[in-house]
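# A closer look at the structure
Here are the chains, one letter per residue:
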Amino acid sequence: MALSAATAADLSSGHSYGFATWTHPRRSQNGLSLSVLSVKCKLVEPLRSNNGKPPGLPFVYEPTMPSTLTMPSMQDFSSKYDTRLRIFSGTANPSLAQEIASYLGLELGKIKIKRFADGEIYVQLQESVRGCDVYLVQPTCPPANENLMELLVMIDACRRASAKNITAVIPYFGYARADRKTQGRESIAAKLVANLITEAGANRVIACDLHSGQSMGYFDIPVDHVYGQPVILDYLASKTICSNDLVVVSPDVGGVARARAFAKKLSDAPLAIVDKRRHGHNVAEVMNLIGDVKGKVAVMVDDMIDTAGTIAKGAALLHQEGAREVYACSTHAVFSPPAIERLSSGLFQEVIVTNTIPVLEQRNFPQLTVLSVANLLGETIWRVHDDCSVGYEPYSSLDID
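Residues numbered from 1 in each chain as written. Predicted model: local features only at pLDDT ≥ 70, side-chain atom pairs only at ≥ 80, totals over all residues. Heavy atoms only, no water.

Attention now goes to the overall build of the chain. Counting its regular elements, the chain contains ten helices and 16 strands. Counting every position in the chain, which comprises 401 residues, the buried fraction comes to 43%. Within the chain, contacts between residues separated by at least 24 positions form 61% of all contacts whose residues are at least 6 apart in sequence. Carbon and sulfur atoms make up 51% of the accessible area of the chain, which totals about 21500 Å². (Helix = DSSP H or I, 4+ residues; strand = E, 2+ residues; numbered from the N terminus. Buried < 20%, exposed > 50% of the residue type's maximum accessible area, 1.4 Å probe, protein only. Contact = heavy atoms within 4.5 Å. Areas by Shrake-Rupley, 256 points an atom, 1.4 Å probe, with all protein chains shown as cover.)

Bringing the nonpolar core into the picture now. Ranked by internal contacts, the top residues of the largest apolar core, which has 35 residues, are Phe262 and Ile381. When near neighbours in sequence (up to four residues on either side) are disregarded, Phe262 contacts Gln229, Ile232, Leu233, Leu236, Val248, Val299 and Val301. By size, the runner-up hydrophobic cluster in this structure holds 34 residues, among which are Leu125, Val134, Met154 and Ala190. (Core = buried A, V, L, I, M, F, W, Y, C linked by side-chain atoms within 4.5 Å.)

Attention shifts here to the state of the cysteines. Within this structure, the stated rule accounts for zero disulfides. Just so you know, Cys158 is unpaired, no disulfide at all, and the nearest cysteine sulfur is the one on Cys132, 9.8 Å from it. (Disulfide = S-S within 2.5 Å.)

Below, the discussion takes up the packing of aromatic side chains. Summed over all chains, the structure comprises three aromatic pairs. Centre to centre, the rings of Phe335 and Phe365 are 6.4 Å apart; their planes meet at 50°, and the pair counts as tilted. Placement of the pair is Phe335 in the loop between strand S14 (325-333) and helix H9 (339-343) and Phe365 in the loop between strand S15 (350-354) and strand S16 (368-371), with a sequence separation of 30 residues. You'll find Phe335 and Phe365 in the same group, each marked buried. Lying across the ring of Tyr122, Lys114 places its NZ or CZ 5.3 Å from the centre. (Phe/Tyr/Trp six-rings, centres within 6.5 Å; stacked < 30°, edge-to-face > 60°. Lys NZ or Arg CZ within 6 Å of the ring centre and 35° of its normal.)

Counting through the fold element by element, Val226 comes out in strand S9 (residues 223-226). For Val226 and Leu377, which are 151 residues apart along the polypeptide, the C-alpha to C-alpha distance reads 7.7 Å. Non-local contacts of Val226, meaning those with residues more than four positions away in its chain, are made with Ile206, Ala207, Cys208, Asp209, Leu376 and Thr380.

A few words now on the side chain of Asp303. Looking at the secondary structure, you find Asp303 in strand S13 (residues 297-305). Notably, Asp303 is buried but unbridged: the nearest opposite-charge side chain belongs to Arg258, and the N-O separation is 4.1 Å. The residues touching Asp303, leaving out its near neighbours within four places in the chain, are His211, Arg258, Ser330, Thr331 and His332. (Lys, Arg positive; Asp, Glu negative; His and termini not counted. Salt bridge = Lys/Arg side-chain N within 4 Å of Asp/Glu carboxyl O.)

Interhelical geometry of helix H6 (residues 229-237) versus helix H7 (residues 256-265) gives an angle of 40° and a closest axis separation of 11 Å. For the element pair H6 / H7, the angle class is oblique. The element H6 and its partner H7 pack so that their crossing is right-handed. The segment H6 lies against H7, with Gln229, Ile232, Leu233 and Leu236 engaging Arg258, Phe262 and Lys265. (Axes fitted to C-alpha atoms, helices over the stretch in contact; angles between N-to-C directions. Parallel < 35°, antiparallel > 145°, perpendicular 65-115°, else oblique. Left-handed = near helix turned anticlockwise from the far one by under 90°.)

Taking 1.5 Å as the rise per residue, helix H8 (residues 309-320) with twelve residues should run 16 Å; its terminal C-alpha atoms sit 17 Å apart, in good agreement. By the burial criterion, the buried members of H8 are Gly309, Thr310, Ile311, Ala312, Gly314, Ala315, Leu317 and Leu318. Positive phi shows up at Gly322, right after H8, with a value of about 100°. (Expected span 1.5 Å × (residues − 1).)

A separate point is the packing of helix H3 (residues 94-104) against helix H10 (residues 374-385). A packed helix pair is summarised by two numbers, namely the angle formed by the two axes and the spacing between the axes. In the contact formed by H3 and H10, the axes pass within 8 Å of each other and the chain directions differ by 55°. Taken together, the axes of H3 and H10 are oblique relative to one another. In this structure, H3 crosses over H10, and the sense of that crossing is right-handed. Residue-level inspection shows Leu96, Glu99, Ile100, Tyr103 and Leu104 of H3 in contact with H10, the latter providing Ala374, Asn375, Leu377, Gly378, Glu379, Ile381 and Trp382.

Attention shifts here to the pairing of strand S4 (residues 111-115). Bridge analysis of S4 against strand S5 (residues 121-125) gives five bridges, and the strand direction is antiparallel. What sits directly across from Lys114, in S5, is Tyr122. Linkage of S4 to S5, two consecutive antiparallel strands, is achieved through a turn of five residues, within which Gly119 is found at a positive phi near 95°. (Pairing = 2+ DSSP bridges.)

Once that is clear, we can look at the pairing of strand S6 (residues 133-137). Counting buried positions along S6 yields five of five residues, so the element is predominantly enclosed. Alternating residues of S6 divide into Asp133, Tyr135 and Val137 and Val134 and Leu136, and every residue in both groups is buried. Two strands pair when backbone bridges link them, and strand S3 (residues 85-89) and S6 are joined in this way by five bridges, in the parallel orientation. Each bridged residue has a counterpart across the sheet, and for Leu85 the counterpart in S6 is Asp133. Between S6 and its parallel partner strand S7 (residues 165-170), the chain crosses via helix H4 (residues 144-160), and the hand of that crossover is right-handed. (Right-handed = clockwise from strand over helix to strand, strands pointing away.)

Written as structure tokens, this is what we have:
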């Protein structure tokens, strides 16, 4: 069989080729005739076309394949599986996100977040998240609108980057207090924010101590509600306070269920209730006390401390009623002015909060104790990623009914 000039030139260049011949039936007008075809196979490099024509059909006679088609090793599979869990942090609480990543033995994902001169938010992921389970840690704490919009843009960036699952980890869910209409022509902003997060592309939400449990129903996606108060319970259990001297106080009627569950976990302590009448937003007036606190160590429990008006007036009433010491316990330290002045005025033996919202150094005062919920949220993230039940003791629930 004669070789073309181009084929001879290729052979003279020193490249390795393989040849194969076979017969191809071709039907003519007079009957069936056989044609012998010759195909050249280049085993080292991909086939190139000649004069713009497609190359012939390669015939591989050895199991050797180009490097681009080789199967990855099992180590590659393992490393890819390990990186399916990604943690990214917004700008609202990066220290908490770093603690969560450390608990999981991971590094925070690389993300670029900046604001343009006109205030618009720009987000770009600095690494691939295709096919990954992505967790975005971003509380919607003050400035609430800025942090909420940043979370939405982060979710959208992950969705457009083909992330498999996107979970919004919201340690503090802003607008949670706008969960119902108390007067005519009011908005229910909690439902609106839930719709925004869902429509942005989130597949799941992990929230910590929602203001009201029914807010979970505002989402059309799964919500894992994590209680941060067990962290405070563990801290109080480490203090040398006689259980017979304890009394748990709810600062308002709306928090009775939370305070009762807290008291049950705290050596089944007795319960007292502060009757409060509110005349306006962030304005509270204490009326009277239901229960006995004389000579007791009163532990006031609430989900958040905003301006501290409610809890400060409640503490003053407790002292008037003969309480020996007053502790303030809250998951979310919003601390809007003038909260610091009220909390550091000497009414409280200790103010115990968690780091769902970052407490700035200028807002620190001697009575303040900040506990971390990083391990709690980290364990929840791992269980969700591993398709395990999140209902684990002692953090599954507080038996609130």
